[in-house]
Each structure stands twice: as C-alpha cells, then as structure tokens.
Amino acid sequence: MAEFVEKRCEDMILELEQMERIKLFDKNEVRGIAKNRKEHEYKIERHTKCKEDYLRYIQYEMDLLKLVKQRREKLGITQKKSSIDYAIANRVNRLYKQAIYRFQDDVRFWIAYMKFCKNVGFQSSLGRMLGKMLQIHQDKPKCWHIAAQWEIEESKDLQNARQLLLRGLHFHPSSSLLFIDMYKLELKEALLKQSQGSKTEELPTGEDGEIPKEWKRVHVVYEQAFKMVKDIKFVIELLNVTKEFENTESLQNKIVNDMVKEYSNEPLLWDTMARRELLETSSTNNAAMEVDCAEVSSLRDRILSCNEIFQVAVKKLRNEEIWSLYIDCLLDLNQENQSLPNLKRKLLKTALSQAHQAKNLKEQHYLYWIKMLSNDKKDENTQTKLAQVLAWSTESYPQSEKLWHLRLSYLLTTNNEDQSNELFKQATEQLGEKSLSLWKMKLLHVQAKNPEKIQEFFQAALLGPQNVAKDMKPLYLEWAVLTKNITETRKIYNSITQQPPFSYELHKKMIEIENMQSKISLQYTRNAYELAIMQFGKNRTDLWLDYTIFEMKHGDPLKAAEIHARAVKTLYAKLTDKFIADYTLLKANPESKSTSRN
C-alpha cells in the first residue's frame, strides 16, 4: 500500500512546485496541500474501502481547484494551467472513477460525477460513463431520466434521448417519470415540426378528426401513458405539461375528456375541472376562441362556473377531501381581494357553512372561519355567528386545544362568568393533559377579574392533570411571594412540594425567591436544595453544581467536598463523569456561574 501512495505523491511534486513557483501558494501552503493529499491517499488505500474517504478527498480537491481559480483571478496569474488546474481536475476524475468502480450501487456517485464532468468540460468521459451507469442501474427509472435529460440539455440530441427513454420504458412500462420525459420530448418536436411546416402548409388541426402527422407521436405517447399509469395525479401532471405549450387546446380537451370518463369519482378531477374554469381562456369553447380570443368569460362568470362545478362535486362525492379542495380553492380566490371581494367572501362563507353541515369541515378551515368572523364588523349578528361557529368547531373537534382556546378566549371577553366557568370545566375535562394553555389563560382572567379567588384557583389546578399541576406550582409560588410574604410562601412551598407530580421548576423558583431576600436564609435555601435532591438528585447534575456554587458563595465552602461526594454516590452512573468534569472546571474557576444543563 505504501509504495502506491508514495508513487502518487511523487507524481504530484511537479504540480506543487509550479504552484509555489508562480506564487499561487506560498511554501507553507504547498506543504499543507502535500500533507493533506498524502493523508487522503493513505485513507483510500486502506484494505477496507470507505465511501466517505473518497467523498472527502474529492471535496478537498474540488475546494482546492476553486481556490486556485480565485487566486488566479485575484492575482492575474494565467500560466501553468495544464500542470496545475487540469492536473487537479484529472485527479478528481480519477477519484470519481475509482469510487464508482468500487461503489457501483450508489447512484449518488454517478450523479455527482456527471455534474463534475459538466462543470469542467469532460464531455467524452461523461458519454462513456452514462452507458456504464445504465448497464448497472437499468432497474432505476431515475437513471434513464438522467441520461435522457443529458442528451436533451447538453448534447441537444433528441433522437438519442428518445431511444434512451424508449429503452427505459421497456424496463419500466409504468414509470410516470419516464412517460413525462417522453411526452415533453414529443411535444417539443411536434411544435418544432409544425412551426417549420407552417411556412408552406398549416396543419393546426386534422381534417375530419384526423390527427396531424406531426402530432401522431404525441398522441401515441399520451395514449400509452394514460393506459399504463392509472393515477389521477399523473394525468393532471400530463395536462399541466400540455398547458405549458402553445396551440395545445385540442390535446388539453382530449386529456380532460379522458379524465372525466376514467376518474369521475376522484376529488382531484373535480378540483382540476373547477379551477380550469378560472382561466381567462376558456377551454370549453374552442371554436369561439379561434374566431376571437378576446371574447372570454367575465371574472364573475368564471368564478360562478368554478363554484357550480364544486357544488356538483360535493353532492356527488360526499367526502372530506372534495370539501377541502373546494374550500382551498375559494381561499386561494380570496387571497386577491381587489376584484369582486364581496362575491368571493360570500361564496367562501357559504361553502364553510355547507361543509360544516355535511360534517366534512377540517379543523384548519374552522380556524380560518373563526379568524374571518373575528375580523368582520363587530355587530350583533356577526358576534352571534362567531359564537355559533366556535361552538360548532369544538363539537366537531373536541380534542383540539386551539379551538377550545379560541372559544374560551371569546367567552371570557363577554364577562359572562357562569358560562365561561362551565365552558372551562367542559374544555379541561375534554382535553385533559393538553389543557395547560387554557389553565394559564383562565389564571390571567381570574387575576384580573376575581383576585380574591386566585388561591382557590391554584388549589384546583394542583388537583388537575399532572402536567398542569406541575407547571402551575412555580406560578403559585410566584403569586404568593408577590401578594403575601416570604413566610406564607414558604408554607405554600412546604405544603405542595411533596404533593405529586413533583416539579423541578418549583424547587428552582423557591431557591430563586430565597436568593432574592435582603438577608439570605441558609436554613431555608438548603432545605429547598435538599428537597430538590430528594426528588431529582439522581439525574440532575446541574442541581448539584448549583448547590455547590451556593455554598461557596453564601454558605460554607467546606461543604463543597461533601456535596461532591454525595453527588457521585447519588447520580446515575452514566452522569457521574459529566458531573466530575463540570465540578473540576468549577473548582478551577470559582467565579464562573455557568453550569452545564441536562
């Protein structure tokens, strides 16, 4: 192994000398390049070959080539390109070939190599490599697609691309990717032939329904694709591809008619049909369009026609998907409110109401409906409707925290205490552990409107779901110290600290409160630390470190060693090394207050 590496490194000497001689790099930089290359060479010569070693070496050389070009531009150096730039490019070429040979199954190498060849102009290498890739990866439609695209975009050879796609479809007769490629290719060629032939003869449409000769291949590919790939999304993609090309209205209509026959029970068909009505050039009246393209339906008529198709669809299909597509279409229309905003808004509200009645309205659409009504003019009718929709939404999605939050928030603003209390009870029972945001909202309301009931509220929260009780405990302490005194706060802390669920944040809050006192009580602060250790000492290295810092700063520095010994005994084994390392850093720099957090 060593002799091969040394030989290759010797072959690089001239290149490195030239870099230094023309002052692209200084002596130290050249030494660094030589050292890095030698390390990479040894790695790729190891007995067990590793993809990452090749990738890292290739990336290093690519970065070096980029740097060489930047230095040339900056310093105006143009000489020795063949012995430097091309040498680097050839090395990358060699590395890619070796990697591809050793890891033939990894398509990423082939694709990356193609991009490299394109960037540095190694066209001949790429042509040969494409053939090898297809021999090895003929089972992957993506590879046939890549090869065909190369022929189309780089070689400009449509015939070669066609042959590749035909071979690919032979192996993958139901590949939507290859059919799309083939369809686009034939469309481009048909339009090219039509534009060339239009100087002497025009064949935009066939006589007596006959397909013009330049369009026959397009139709054959389309018919085969429609037959082999039974997927409405694929057919819609074919339609969208067709729309990108001019003078394809007749073919678009054929695709639409075929979709209607084959996929009449697919929501996406109806969505496609309805949205086509919004296009300014109506595809349903080709004769009129040929006479005068300016004669198009008004925006109002197009919107109403789109809406009418969706109305037929929801009655026919009766499922959530079609209602969702219908409402999404109307939401898209309402994004532009300069034209016919009242009509668009009316249709949207009607559809939302109908979808609710059909029990097919999604949560996200209830949220939009509520937002829309909230932004409407604040009259009695609107407020009544908003309250009604809020109620409908939680009935339809009783596990939605967002919807309950909006409903409760609205009711709290009405100052109807009895109703809001009843709704709060209903919502928290329904949501259980997911009701924390409702408790916090209710807490703010009670603090503002009924401060005399706040302690009663906290006590109720502590009996609620576990994550609610855990999060409300430190808030309870915070309220106590602000509205009562430290003695009452300590009593509350002692009364709730042993009450499950245990809360680490509760202990942190109590310690914080004790440290804020004008005269810090060692007894009470240590008590809080000891209670925290009793409940969380096995898995919180930061707790032990904070305790140590407290003793060093406010208590007895000699206790630090005792705390250290207790921590090592108490912490889970996997955490002791971390604690010892953090403790050592703390001892080395006692002024540092930062501790690692789990």
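Source: prediction; values computed, not measured.

Enquirer: I would appreciate a short explanation of helix α17 (residues 320-335) in the present structure.
Expert: Count 3.6 residues to each turn of an α-helix, and residues three or four apart come out pointing the same way. Taking 1.5 Å per residue as the helical rise, α17 with its 16 residues ought to reach 22 Å, and the 22 Å between its terminal C-alpha atoms agrees with that figure. All of the buried residues along α17 are I322, W323, S324, L325, Y326, I327, C329, L330, L331, L333 and N334. Buried residues in α17 make contact with α14 (267-276), α16 (299-317), α18 (341-357) and α19 (363-375).

Enquirer: I would appreciate a short explanation of the packing of aromatic side chains in the present structure.
Expert: In this description, an aromatic ring pair is defined by two values, namely the gap between the centres and the angle between the planes. Scanning all chains against the criterion turns up 24 aromatic pairs. Ring-pair connections join several aromatic residues into one group, and the members of that group are F424, W439, F457, F458, Y476 and W479. For the cation-ring pair, K442 lies above F424, with the distance from its terminal atom to the ring centre recorded as 5.7 Å.

Enquirer: Sorry if this is basic, but what is going on with the side chain of T242 here?
Expert: Residue position: T242 is located in helix α12 (residues 232-243). At 2.7 Å, the side chain of T242 and the backbone oxygen of L238 are in polar contact. With near-sequence residues (within four places) excluded, T242 lies in contact with Y183, L187, T248, L251, Q252 and I255.

Enquirer: Please clarify how unusual backbone geometry should be interpreted in this entry.
Expert: Excluding glycine, most residues fall at negative phi; most peptide bonds, likewise, are trans. Cis geometry marks the peptide bond from P500 to P501; its omega dihedral reads 0°. Mapped onto the secondary structure, P501 falls in the loop between α26 (486-496) and α27 (504-515). If you check the backbone angles, K23 has positive phi at about 65° while not being a glycine. Topologically, K23 is positioned in the loop between α2 (13-21) and α3 (27-44). Of note in this structure, L340 is not a glycine but carries a positive phi near 50°. Structurally, L340 can be placed in the loop between α17 and α18. The class of L340 is partly exposed, set by a relative accessible area of 25%.

Enquirer: In this structure, what is going on with the environment of K43? I would like to understand it.
Expert: With respect to the helices, strands and loops of the structure, K43 is situated in helix α3. For K43, a relative accessible area of 34% translates into the label partly exposed.

Enquirer: What exactly am I supposed to notice about the nonpolar core here?
Expert: Soluble globular proteins tend to bury their nonpolar side chains together. Counting residues in each nonpolar core, the largest one holds 117 residues, and the members touching the most others are M19, Y183 and W369. Beyond its immediate chain neighbours, meaning those up to four positions away, W369 contacts L352, S353, H356, L361, K385, V389 and W392. In terms of nonpolar packing, the next biggest core, distinct from the first, is built from 54 residues, L408, I496, Y504 and F550 among them.

Enquirer: Help me out: how do you make sense of the environment of L185 in this one?
Expert: Along the polypeptide, L185 turns up in helix α10 (residues 176-197). When its relative accessible area of 2% is taken as the criterion, L185 is described as buried. As for L185 and L158, which are separated by 27 residues in sequence, their C-alpha atoms are 7.4 Å apart. What L185 contacts, discounting residues up to four positions off in sequence, is I152, L158, A161, R162 and L165.

Enquirer: It is not clear to me how the pattern of salt bridges should be interpreted in this structure. Could you clarify?
Expert: A side chain of one charge can pair with a side chain of the opposite charge when the charged atoms of the two come close. Under the counting rule described, the total for this entry stands at 38 salt bridges. Among the ionic pairs, E15 bridges to R37, the shortest N-O distance being 2.7 Å. Taken together, the positions of E15 in helix α2 and R37 in helix α3 put the pair 22 residues apart, joining distant regions of the chain. The burial state of E15 is the same as that of R37; both residues are buried. The salt bridge partner of R91 is E61, with a shortest N-O separation of 3.5 Å. Taken together, the residues R91 in helix α5 (residues 85-102) and E61 in helix α4 (residues 51-75) connect sequence positions 30 residues apart. Linked through salt bridges whose partners overlap, the residues forming this network are R162, E186, E189, K193 and R217.

Enquirer: Which parts of the structure should I look at to understand empty space enclosed by the protein?
Expert: A water-sized probe rolled over the atoms picks out the places where empty space is left. Tallying each qualifying case throughout the model produces one cavity of 30 Å³ or more. Approximately 30 Å³ is the volume attributed to the largest cavity. Lining the largest cavity, in full, are R490, Y493, N494, M510, E514, Y524 and N527. Among the elements of the structure, α26, α27 and α28 (522-536) are those that each provide at least two residues to the lining of the largest cavity. At three residues, α26 tops the list of elements feeding residues into the lining of the largest cavity.

Enquirer: Would you mind going over the packing of α19 against helix α21 (residues 401-413) with me for this structure?
Expert: Helix packing for two helices is described by the angle between their axes and how far apart those axes are. The contact between α19 and α21 brings their axes to 10 Å, and the two run at 20°. Classed by the angle they form, the pair α19 and α21 counts as roughly parallel. The crossing of α19 and α21 is left-handed. For the pair α19 and α21, contact is made by E363, Y366, L367 and I370 and by K402, L403 and L406, respectively.

Parameters at a glance
Residues numbered from 1 in each chain as written. Predicted model: local features only at pLDDT ≥ 70, side-chain atom pairs only at ≥ 80, totals over all residues. Heavy atoms only, no water. Helix = DSSP H or I, 4+ residues; strand = E, 2+ residues; numbered from the N terminus. Expected span 1.5 Å × (residues − 1). Buried < 20%, exposed > 50% of the residue type's maximum accessible area, 1.4 Å probe, protein only. Contact = heavy atoms within 4.5 Å. Phe/Tyr/Trp six-rings, centres within 6.5 Å; stacked < 30°, edge-to-face > 60°. Lys NZ or Arg CZ within 6 Å of the ring centre and 35° of its normal. Polar contact = N/O pair within 3.5 Å; in protein donor to acceptor, adjacent residues only side chain to side chain. Core = buried A, V, L, I, M, F, W, Y, C linked by side-chain atoms within 4.5 Å. Salt bridge = Lys/Arg side-chain N within 4 Å of Asp/Glu carboxyl O. 1 Å grid on protein atoms, 1.4 Å probe; cavity = no way out; pocket = protein on both sides within 12 Å on 5 of 7 lines; lining within 4 Å. Points joined across faces, edges and corners; volume = space filled by probe spheres on them. Axes fitted to C-alpha atoms, helices over the stretch in contact; angles between N-to-C directions. Parallel < 35°, antiparallel > 145°, perpendicular 65-115°, else oblique. Left-handed = near helix turned anticlockwise from the far one by under 90°.

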